[in-house]
Amino acid sequence: MRDGGRTTPISDGEPSRGKGGAPRAFAVCREKSAMSFKWAAASAGTCLSPDALRPTRIFWCLCLLTTAIAAASFSNDQIAILASDSVALLDSTQVHLRNLSKCSGKMDHDSLCSMFGLLDADFLSDAKMLEIEKGARELNLPIIKSNRELAASANGGLENPSSLVFSASWSHDHAQYASKQFNYPSLPRIERPKSDEDIAFMSILELGQLIKSKQITSEELAQIFLNRLKRYGPVLESVITITEELAYEQARKADQLLAQGKYLGPLHGIPYGLKDIIAVPHYKTTWGSRTFKNQVLDTEAWVYKRLKSAGAVLLAKLVTGSLAYDDIWFGGRTRNPWNIEEYSTGSSAGPAASTSAGIVPFAIGSETAGSITYPAARCGVTAFRPTFGTTGRTGVLSLSESLDKLGPFCRSAADCAIVLDIIRGMDPHDHSSRDIPFPDPFSVDITKLTVGYLEDAGMDVVEKLKSKGVNMVPFKLNYTVHSAQGILNFTMDVDMLAHFDEWQRAGLDDEFEAQDQWPVELRRARVVPAVDYVQAQRARGKLIQEVRDGFKVDAFIGNATDWERVCVGNLVGMPVIVVPTGFKPISDAPTNNTRRRTTITTGVYAPPEHDHIALALAMAYQEVTDHHKQRPPIDELGPDDSIPNPPTKTVPPRQLRS
């Protein structure tokens, strides 16, 4: 049987073989003109022993019993042919799991009870179970197959989105919000640094001023970052496709517009990267999967359109974990620039590592359950998960239509605000997206805010904000739901399976890069009853109501990677910004002089549609600190420190990071 790519021979203790390799039972068949049902019954006794519960044994017994029962009416020649066919099936000593596991379509009483037990429905009587089985075969299955043919023939969820639309809004007032120009902070005169390294770690506003003042062209800037992509991308395993030709084309266009006196705004001529679940015409969109690594989607993602219209320059498609799960992809596993022996965690691994290392000024990632917050925290970058529905997702791999969000990885909270202002808004083809109110975060008077802090909050943030006049109070996020993770798992896994139904049915899950991740979860999702999926959504509604009722502050500070809180935040749809707050020594350091560090971060959370509050508080903290400006030691690890190739330390895969 197949187990994680390994094959296991049929174990010792199987029936011995006669001439020609045939099991001895078949040799007996050749000598008799007919086989009695008495022999079949005896065989059944052997096959029902506890030892026979091994999959290979079960398979052999099924073959044997089928042969024995059917042979009662067979001629000598027919029995010989049947024996030969069975030998051909079993002679290889290796049996593929997929062939073993296909359902025969026949259902006895015990297996029927077992099936209903898996669905927590074994309270039904035998008669009712049989009635359900008959009705499901005659009525349900035709509907299921018809719907699948209509809506699920393509993988990825890019087509035929669900008509059930989730809104994260806590307000019933859906009046149109008039967007206003942000009051961007004025910068002192910026001079072009002499070093490309220094340019690579400048903020969006600083780079924009260099371009606007014509101290550097967009084409020059693109070349600087393309060089870094080629140099550090392979080391960090953070880049899938460099879009060099497109980058120079877009950079030259930005320079031409500026020469004509046309300035498109703060992203004019600024390079960036996209997580490789976002479609760009004429370039591969691999979803990080070996199954789809040559896929080119003939569509233009809505978020890419927004950035292109703002004059931004696409440099690369950055690593996503395979099918947006964790940091393992078909080309390897993405590393943390602050400690290259560690992995970055989370499926937005490429955007986090690339931004941290100064490979791109900013990047767009996504989160369904932790894939912005986790890699941002691990790689020490500022990243923002906005209110659900803030950004359109047309042309983006879909895991769960009520959980997926796009957000920026940047040098600072101010950069996050700038990028979010460009990519937000209603996508006409994404019914979950809305024109969410987004007041100017640069104009928020934080002294009028009451901000809570949890027990695991970064106290440096609490003290710094308090010193700037914010009313800081202890806070607890109270709710009665037992497990937010359970609700999230049901929601995400069932939605994901709906988008990759064909993938699973075709056996492509056997090719997945990490067999303990999506393959296991999506097989389990196959037996989640529709009624219990709906019950999970009702529990989600209860959770949202309780969080809303208990949210008595304007925002709160807390650990950004607490797993239960990650689940709650994504189920509710609330925004959070990950803020670097310091560093600590790595564990088991090879030398006291190593420059490698473990990054420390915290999260600033706000209610849905109050993204500007979280951004304003993060900007206030970063005005008086410089943790977000530090550079990882990707070139010089420090005296007496070197990394073996391959690195010896690894971070084990997490249960769920998409």
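The model shown is predicted, which means the values in this text are computed figures rather than measured ones.

**Regarding the sheet that holds strand E5 (residues 313–318)**
Stage number 1. If you walk across this open sheet you meet the 11 strands as E3-E5-E4-E10-E12-E11-E16-E17-E15-E13-E14, and the pairing is mixed. Lying at the two open borders of the sheet, with one neighbouring strand each, are strand E3 (239–242) and strand E14 (471–474). On average, each strand axis in the sheet is tilted by 30 degrees relative to the strand beside it, whichever way the strands run.
Stage number 2. With 4 bridges connecting them, strand E13 (residues 450–453) and E14 associate as parallel partners. Across the sheet, Tyr453 pairs through a bridge with Pro474, a residue of E14.
Stage number 3. Each of strand E4 (271–275), E5, strand E10 (363–367) and strand E12 (405–410) is contacted by helix H12 (residues 302–309), which is oriented at about 175 degrees to E4, the strand it contacts most.
Stage number 4. Sheet strands touched by helix H22 (residues 611–623): strand E11 (382–385), E13, strand E15 (555–558), strand E16 (576–585) and strand E17 (597–605). Its angle to E16, the strand with the most contacts, is close to 30 degrees.

**Examining the pattern of salt bridges**
Stage number 1. The tally for this structure, following the rule as stated, stands at 27 salt bridges.
Stage number 2. A salt bridge links Arg565 to Asp456; the nearest nitrogen and oxygen atoms lie 3.0 Å apart. On the criterion of sequence distance, the pair formed by Arg565 in helix H21 (residues 563–572) and Asp456 in the loop between E13 and helix H16 (459–467) is long-range, its members being 109 residues apart.
Stage number 3. You can call Arg565 buried: its relative accessible area is 12%.
Stage number 4. Here the residues in one salt-bridge network are Asp326, Asp327 and Arg333, joined through shared partners.

**Overview of unusual backbone geometry**
Stage number 1. Even without glycine at this site, His282 takes up a positive phi of about 75 degrees.
Stage number 2. Tracing the backbone shows His282 in the loop between E4 and H12.
Stage number 3. Although it is not a glycine, Asp588 adopts a positive phi angle of roughly 55 degrees.

**Remarks on the environment of Lys305**
Stage number 1. Residue placement: Lys305 occurs in helix H12.
Stage number 2. On a C-alpha basis, the gap between Lys305 and Ile423 in space is 8.8 Å, while along the polypeptide they are 118 residues apart.

**Considerations on the nonpolar core**
Stage number 1. Grouped together as the largest cluster of nonpolar side chains are 152 residues, with contacts concentrated most on Leu267, Leu307, Leu315, Phe362, Ile364, Trp518 and Leu617.
Stage number 2. Other than its neighbours up to four places away in sequence, Phe362 contacts Ile204, Leu267, Ile270, Pro271, Tyr272, Gly273, Leu307, Thr355, Phe409, Cys410 and Val419.
Stage number 3. Counting residues in hydrophobic clusters, the runner-up holds 5 residues, among them Leu112, Phe116, Ala121 and Met129.

**Notes on the pairing of E16**
Stage number 1. Within E16, 7 of the 10 residues are buried, leaving the element largely enclosed by the surrounding structure.
Stage number 2. Two elements, E11 and E16, share 3 bridges in a ladder whose sense is antiparallel. When the sheet's bridge partners are listed, Arg385 is paired in E16 with Val576.
Stage number 3. Pairing of E16 with E17 involves 9 bridges; the strand directions are antiparallel. Paired with Val578 across the strands is Gly603, a residue of E17.

Analysis parameters
Residues numbered from 1 in each chain as written. Predicted model: local features only at pLDDT ≥ 70, side-chain atom pairs only at ≥ 80, totals over all residues. Heavy atoms only, no water. Pairing = 2+ DSSP bridges. Helix = DSSP H or I, 4+ residues; strand = E, 2+ residues; numbered from the N terminus. Axes fitted to C-alpha atoms, helices over the stretch in contact; angles between N-to-C directions. Contact = heavy atoms within 4.5 Å. Salt bridge = Lys/Arg side-chain N within 4 Å of Asp/Glu carboxyl O. Buried < 20%, exposed > 50% of the residue type's maximum accessible area, 1.4 Å probe, protein only. Core = buried A, V, L, I, M, F, W, Y, C linked by side-chain atoms within 4.5 Å.

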